[in-house]
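As a plain string of letters, each chain reads:
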Amino acid sequence: MGGRLGGLGLPTLMATLLSACVGGVEPPRSGPPPVDRTDDRSDDRPNEPVRVHPSRDTGASPNIRGIQSPARIVGAVPMLASPVVPAVEPLNAAAAGVIPGPPIASLLIDDVQAQAAFAAFVTSCPSLVRRNDTSGLTRGADWQPACTAAASTDRRNARTFFAQWFEAAQIGDGKAFATGYYEPEIAGSLERRDGYAPIYARPNDLIDVDLGTFSTSLKGKKIRGRVDRSNLVPYYDRTAIEQGALSGKAPILAWARDPVELFFLQIQGSGRLRLPDGEILRIGYATQNGRDYTGIGALMKSRGLLQPGQTSMQGIVAWLHAHPAEGQAIMRENKSFVFFRELEGAPLGALGLPVTGQVSAAADVKFVPLGAPVFLSLDRQDASGLWIAQDTGGAIKGSNRFDTFWGAGAAAKATAGGMAGRGTAYLLLPIGTVARLNQANGARYGGPSAQP
């Protein structure tokens, strides 16, 4: 998820998956485990696939936000952020400016949302108190009082807990944009079948290179490739892999019935295989081939292949199915190729912790402490309310940019695929954080709270 679950610079994108297709940037998304599809976020995760037995799993989760199937968009009027002149391209949240938000008790958070978010927050507490917060907003010790209190708080008192231990903060201009992602499910098999496409684990000849070990000027830069004689060369691209370049070089975890669905599962970064006997096998991002990601939706739109009303993920998939030869050629223009590993248990986010449908969200760690609660007031009723930032994504960049996780199943897919909510975001930070930041750095923005 997560992550693998990431700003696009295209404010009209409809959802994380579609943003990847149309925006030319590979998304989060986050699914199990979180995968930053355009960088090396998952390099610290195990690279070798782990063989597990499929477990029967319906994927059902509580309908915390009242989503409907078939999906129906219910509009809402978002809260207004305080008008500010934000810093140009701030490096993190502290540089963007922090001002007080409305009282927590005034936010529209119902008991069901609060209790679900409380459970996710408790799970995130160990990471919050030990992580280095690159947003510049908090220190690990800042979260300790709330985390200690949470351990002895009855879940039924979740709303009171958040109001007692947190304050709302607006980051920069507070203008939020939220997309959605989900845990996709596709048909598959553990045995090879005619027309099925292989799902590969990490190849044994794929090499990760940290360029920072060779030069300090290259710190933070990484590449992937393979050795050809005495040279390090780019790894095989999608076309070469689909034409058999990995024969004898990579384990095959399973087989996907539909190559188009497998292509989109690679974009999502993780998902579920439903086997012929009804069993579910979860697979997640292990790594990718090091090639740049190309969003095929942008290509198709620029070439006039998508008519009005076809620019959703569902429209793109329908076109690819209707034009198999042309569709394969277009998909191969995306040279990036994702390798998977088998997973056991629930999908994981960037914290290495389970993510929860309708509760967890992906955010940019430079602007949101991972594990922190976030309140979204959007023009979409289903996405408004309390979320916990537990994931990241390659296309989720910048302040007030979020990717909401909706779980698995048809309703989750429909909701995430059409999610493009705009409004206002407030971070819930330990009480006293805003005053401390403004006292230490000088108040970047003065004025009253964002809301009366």
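Residues numbered from 1 in each chain as written. Predicted model: local features only at pLDDT ≥ 70, side-chain atom pairs only at ≥ 80, totals over all residues. Heavy atoms only, no water.

1. A few points about the state of the cysteines
Phase 1: Evaluated as defined, the whole model comprises 1 disulfide.
Phase 2: With a sulfur-sulfur separation of 2.1 Å, Cys-125 is cross-linked through a disulfide to Cys-147. Torsion about the S-S bond of the Cys-125 and Cys-147 cystine: about -90°, corresponding to left-handed handedness. Here Cys-125 is found in helix H3 (residues 111-130), whereas its partner Cys-147 is found in helix H4 (residues 140-151), with 22 residues between them in sequence.
Phase 3: Residue Cys-125 is classed as buried on the basis of its relative accessible area, which comes to 7%. (Disulfide = S-S within 2.5 Å. Helix = DSSP H or I, 4+ residues; strand = E, 2+ residues; numbered from the N terminus. Buried < 20%, exposed > 50% of the residue type's maximum accessible area, 1.4 Å probe, protein only.)

2. What to know about the sheet that holds strand E12 (residues 338-343)
Phase 1: The strand order across the open sheet formed by 6 strands is E5-E9-E4-E10-E11-E12, and the pairing between neighbours is mixed. On the outer flanks of this sheet lie strand E5 (197-200) and E12, each paired with one strand and no other. Sheet twist, expressed as the average angle between the axes of neighbouring strands with direction ignored, equals 45°.
Phase 2: Sheet analysis places strand E11 (residues 280-288) next to E12, joined by 6 bridges and oriented antiparallel. Counted as the bridge partner of Thr-287 is Phe-339 from E12. (Pairing = 2+ DSSP bridges. Axes fitted to C-alpha atoms, helices over the stretch in contact; angles between N-to-C directions.)

3. Focus: helix H7 (residues 259-268)
Phase 1: With 8 of 10 residues buried, H7 lies mostly within the body of the structure.
Phase 2: Just beyond H7, the residue with positive phi is Gly-269, at close to 95°.

4. Quick notes on the nonpolar core
Most often, soluble globular proteins have nonpolar side chains that are buried together.
Phase 1: Core analysis: the largest hydrophobic core is formed by 75 residues, its most contacted members being Phe-121, Phe-161, Phe-162, Phe-264, Leu-320 and Phe-402.
Phase 2: Tallying contributions element by element places H3 first for this core, with 8 residues.
Phase 3: Judged by nonpolar contacts, the second largest core, of 16 residues, contains Ile-186, Leu-262, Leu-265 and Leu-273. (Core = buried A, V, L, I, M, F, W, Y, C linked by side-chain atoms within 4.5 Å.)

5. Re the environment of Ala-146
Phase 1: Tracing the sequence through the fold places Ala-146 in helix H4.
Phase 2: Between the alpha carbons of Ala-146 and Pro-430 there is a distance of 7.3 Å; along the sequence they are 284 residues apart.

6. Section: the pairing of strand E15 (residues 385-391)
Phase 1: Taking burial as the measure, the 7 residues of E15 include 7 buried ones, the bulk of the element.
Phase 2: Bridge count between strand E13 (residues 360-362) and E15: 3 bridges; the pairing is parallel. Bridge assignment links Ala-362 to a residue of E15, and that residue is Asp-391.
Phase 3: In the sheet, strand E14 (residues 373-378) pairs with E15 via 4 bridges, with the strands oriented antiparallel. Within E15, the position partnered with Phe-375 by the bridge is Leu-386.
Phase 4: The hairpin turn running from E14 into E15, its antiparallel successor, is 6 residues long.

7. Some words on the pairing of strand E17 (residues 421-430)
Phase 1: When you tally the buried positions in E17, you get 9 out of 10 residues, the bulk of the element.
Phase 2: The pairing of strand E2 (residues 166-171) with E17 spans 4 bridges and is antiparallel. The partner of Ala-169 across the bridge, within E17, is Leu-427.
Phase 3: Two strands pair when backbone bridges link them, and strand E3 (residues 175-183) and E17 are joined in this way by 4 bridges, in the antiparallel orientation.

8. Considering the sheet that holds strand E8 (residues 231-234)
Phase 1: Pairing is antiparallel in the open sheet, where 3 strands are placed in the order E6-E7-E8. Taken across any chain shown, the strands that pair with only one partner, and hence form the sheet edges, are strand E6 (207-210) and E8. Within this sheet the neighbouring strands show an average axis-to-axis angle of 55°, counted without direction.
Phase 2: Across 4 bridges, strand E7 (residues 222-228) lies against E8 in antiparallel orientation. What sits directly across from Val-227, in E8, is Leu-232.

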